[in-house]
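Residues per chain, in single letters:
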Amino acid sequence: MELYNSLIKESKALFENAPVKTWDYAPGDCWKDLGASELVLQKDAAYEMGASGKGSANYVLFTSGPELVNRDQVLLYGPDLKDIRGEVDFARIVLLRVGVLDDDDENVYRTLKDIEFAKYHVYPEGYMVRMSPESYREQVRVSKIALRQGISFRSVGASYIAEYKKNPNVLNATVIFATAPGLDYAQMQKLAKKATAVTGTLTHILEGLPTDCSVCALKDVCDEVEGMKELHFGVGDKSEKH
Ligand code: SF4
């Protein structure tokens, strides 16, 4: 399945020529996980990333193409946690290579949803995440104690990768963090919105939406996303046969 491939390419293009730090995933790098959400009070926080008034984006993209995602890696564009002073822009983009995408369509959708929910199971100590799915933003408050203990994007990224890789369908996970000023966070938010539209359309298709594009409210998404119509008509054929 290649539905998200153009979004992956557009996302990568946003970082072209930007300085990057890269770490290969090692399970031993994971930051301590609390297993439940933690309240980091403002008085205990060193700073917030992606707060209102700052750029912020969060999304996950899937592919089956090893040419697009082939490593378990953390990428950082901008200052690391220990070097941040005051409020900064913030984005977290996850690229996943998933094996099941070539499988049965209903399985695909369920698997994608299960994998997406993995992000709600990562609770790094001293790193309080607030997601806003309606606006595709993510805001993070980092505690002073965690900074003293050495928290970094390498360790937090490893925690996310470990969680995604618990699902055997995830073959590779690349986690991109961005904190640099001047990156196109507004465009990242637009890509996040498109990714949600693709997943939403996929849901409707797999729920058995009639195959009549001329009256379909999702036509805009399908006109834009390569492979969506083929997927729907493929599903339609199958249900007719049964
Ligand atoms: S393929 Fe046509 S009918 Fe199916 S969701 Fe897309 S626009 Fe609607």
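How each quantity is defined
Residues numbered from 1 in each chain as written. Predicted model: local features only at pLDDT ≥ 70, side-chain atom pairs only at ≥ 80, totals over all residues. Helix = DSSP H or I, 4+ residues; strand = E, 2+ residues; numbered from the N terminus. Rg over C-alpha atoms; globule rule 2.2 N^0.38 Å. Buried ≥ 20, exposed ≤ 12 C-beta atoms within 10 Å, placed from the backbone. Contact = placed C-beta atoms within 7 Å. Pairing = 2+ DSSP bridges. Axes fitted to C-alpha atoms, helices over the stretch in contact; angles between N-to-C directions. pLDDT = per-residue confidence, 0-100. Core = buried A, V, L, I, M, F, W, Y, C linked by C-beta atoms within 7 Å. Expected span 1.5 Å × (residues − 1).

(A) Highlighting the overall build of the protein chain. Regarding its fold elements, the protein chain presents 7 helices and 8 strands. What you see for the protein chain is a C-alpha radius of gyration of 19 Å, in line with the 18 Å of a compact globule of 242 residues. With the principal axes as the frame, the protein chain shows a C-alpha extent of 60 × 35 × 35 Å. Here the protein chain holds 242 residues, and 40% of them are scored as buried. In the protein chain, once contacts between residues fewer than 6 apart in sequence are set aside, the share between residues at least 24 apart is 86%.

(B) Quick peek at the sheet that holds strand β7 (residues 137–143). The strand order across the open sheet built from 3 strands is β2-β7-β6, with neighbouring strands paired in antiparallel fashion. In this open sheet, the two edge strands, each paired with only one partner strand, are β2 (45–49) and β6 (127–132). Geometrically, the sheet is characterised by an average inter-axis angle of 15° between neighbouring strands, direction not taken into account.

(C) Quick look at the environment of aspartate 114. Here aspartate 114 is to be found in helix α2 (residues 105–117). Between the C-alpha atom of aspartate 114 and that of tyrosine 164, which follows or precedes it by 50 residues, the distance is 9.6 Å.

(D) Examining the confidence of the model for the protein chain more closely. Looking at the protein chain, the pLDDT average stands at 90 and 93% of residues meet or exceed 70. For residues 236–242, every residue scores under 50 in pLDDT, and the model assigns this stretch 2 contacts once sequence neighbours within four places are set aside.

(E) Examining the nonpolar core more closely. In terms of nonpolar packing, the biggest core is built from 63 residues, with Tyr59, Leu61 and Leu96 touching the most fellow members. With sequence-adjacent residues up to four places away left out, leucine 96 is seen in contact with Val60, Phe62, Val69, Ile115, Tyr164, Val170 and Ala173.

(F) Region of interest: helix α4 (residues 153–164). The terminal C-alpha atoms of α4 lie 16 Å apart, and with 12 residues this matches the ideal 16 Å at 1.5 Å per residue to within 8%. Burial of α4 is extensive: 12 of the 12 residues sit out of reach of the surface. Within α4 the residues assigned to the buried category are Phe153, Arg154, Ser155, Val156, Gly157, Ala158, Ser159, Tyr160, Ile161, Ala162, Glu163 and Tyr164.

(G) Geometry of the pairing of strand β3 (residues 56–63). Most of β3 sits out of view: 8 of its 8 residues are buried. Both faces of β3 are covered, namely the face carrying Ser56, Asn58, Val60 and Phe62 and the face carrying Ala57, Tyr59, Leu61 and Thr63. Relative to strand β5 (residues 90–98), β3 runs parallel, the two sharing 8 bridges. Counterpart to valine 60 in the pairing with β5 is valine 94.

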